[in-house]
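# Structural features, examined
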Amino acid sequence: MLLTLGDIHTYPAGHVMVRQGDFGNLVFIVIHGLVKVTARTENGRESLLAVRVRGDVIGDMAVLDGSARSANLITCGVTVARVIKGESFVNYLQRHPSAALTLSTLMSDRLRWSNQRRLEFAGYDSDVCLARLLLALVARHGRTGPEGMDLGVPLTQTELGGLIGAKESTVQKILRDLSARGLVRTGHRRVVITDLPGLAAFANLDPVALENLPANP
């Protein structure tokens with residue numbers, strides 16, 4: 001299995017594992033911690049594209065197609081990852097079709113996530129986009145706590161805005177409104193969903209979509 005390849009490395013918080021535009025030959029499997037995927041546009045603005053957690057494979061696209069890195073990979077807190085050389089990674093996939101199929105499934109899931117964010121950005125106002133993003137994050141990473149469902153990932157309001165194409169001031173205003181409605185609570189790099197069905201209703205999600213969300217604590 002892939003976890004038998006490469007070596008385990010521990011990275012400090014804020015470490016740039018991969019830099020956008022560089023050519024690299026390493027693939028990473030996150031064992032512990034959180035990695036942010038960011039990219040800088042031509043006008044210099046940096047946006048958060050995604051977050052990767054335990055079990056996620058990252059850095060594989062550039063290794064598979066030989067292109068430059070399309071984004072930065074930055075640790076958020078101490079992160080442990082298995083680091084695999086590109087040749088070993090590709091050879092393993094060639095010898096194990098089932099592993100290649102699993103990787104294809106993961107890549108498809110990442111593409112679906114990105115496509116869904118783009119659709120929401122085009123079809124909804126920022127407040128609904130943010131509500132849907134919070135629900136999507138809690139569905140993937142959420143943890144039940146005494147106050148409600150914690151997102152499970154420590155994101156700043158600027159980073160949340162980057163995921164929906166909104167300014168920090170816009171995100172602050174939306175979160176204040178959601179908090180006043182009793183749907184969320186906010187703290188330093190923390191958002192807790194206190195009323196999951198209420199937030200889903202605000203986000204215009206149908207009952208079928210609720211089946212894929214964690215149960216209200």
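Everything that follows concerns the structure shown earlier in this document.
Let us look at the structure shown here. Within every chain, residues take consecutive numbers counted from 1 along the sequence as written. Where totals are concerned, whole chains, interfaces and linings use all residues; where local detail is concerned, this predicted model gives features only for residues with pLDDT of at least 70, and gives and counts side-chain atom pairs only at 80 or more. Heavy atoms from the whole structure form the basis of all side-chain values; hydrogens and water molecules are not counted.

### Comments concerning the pairing of strand S4 (residues 35–40)
Residues in a regular strand project their side chains so that they alternate between the two faces of the sheet. Note on classification: 1.4 Å probe, protein chains only; a residue is buried when its accessible area is under 20% of the maximum for its type, exposed when over 50%, partly exposed between these limits. Every helix listed is a DSSP run of H or I at least four residues long, and every strand listed is a run of E at least two residues long, numbered separately from the N terminus. Within S4, 5 of the 6 residues are buried, which leaves the element mostly enclosed by the surrounding structure. For two strands to pair, DSSP has to find at least two bridges joining them. In the sheet, S4 pairs with strand S5 (residues 46–52) via 6 bridges, with the strands oriented antiparallel. Across the sheet, the residue bridging to Lys-36 is Val-51, located in S5. Count of turn residues in the S4/S5 antiparallel hairpin: 5 residues, of which Gly-44 carries a positive phi of about 90°. In the sheet, S4 pairs with strand S7 (residues 72–75) via 4 bridges, with the strands oriented antiparallel.

### A look at the packing of helix H5 (residues 157–164) against helix H6 (residues 168–180)
Two quantities define a packed helix pair, namely the angle between the axes and the distance from one axis to the other. Under this scheme, a helix contributes an axis fitted over its contacting stretch, all axes are lines through C-alpha atoms, and angles between N-to-C directions fall in the 0 to 180 degree range. In the contact formed by H5 and H6, the axes pass within 8 Å of each other and the chain directions differ by 100°. One element, H5, and the other, H6, form an angle in the roughly perpendicular class. On H6, the residues touching Gln-157, Thr-158, Leu-160 and Gly-161 of H5 are Glu-168, Val-171, Gln-172 and Leu-175. Ten residues, namely Ala, Val, Leu, Ile, Met, Phe, Trp, Tyr, Cys and Pro, are considered nonpolar, four, namely Asp, Glu, Lys and Arg, are considered charged, and the remaining ones, Gly among them, are considered polar. Of the residues assigned to the contact of H5 with H6, the class counts are 3 nonpolar, 4 polar and 1 charged. Under this scheme an angle from 65 to 115 degrees is roughly perpendicular, one under 35 degrees roughly parallel, and one over 145 degrees roughly antiparallel; angles in between are oblique. Contacts were defined at the residue level, with two residues in contact if any of their heavy atoms lie within 4.5 Å.

### Brief notes about the nonpolar core
Only buried residues count toward a nonpolar core, which is a set of Ala, Val, Leu, Ile, Met, Phe, Trp, Tyr and Cys residues joined through side-chain atoms within 4.5 Å. Of all hydrophobic cores here, the largest spans 35 residues; its most connected members are Leu-130, Leu-134, Leu-137, Leu-160, Leu-178, Ile-193 and Leu-199. Secondary structure elements with two or more residues in this core: S5, helix H4 (126–141), H5, H6, strand S12 (190–193) and helix H7 (196–202). Top element by residues in this core is H4. It accounts for 9 residues. Beyond its immediate stretch of four places on either side in the chain, Leu-160 contacts Leu-130, Leu-133, Leu-134, Leu-137, Leu-155, Val-171 and Val-191. One finds Val-37, Ile-58, Ala-81 and Val-83 within the second-largest nonpolar core, a separate group that totals 14 residues.

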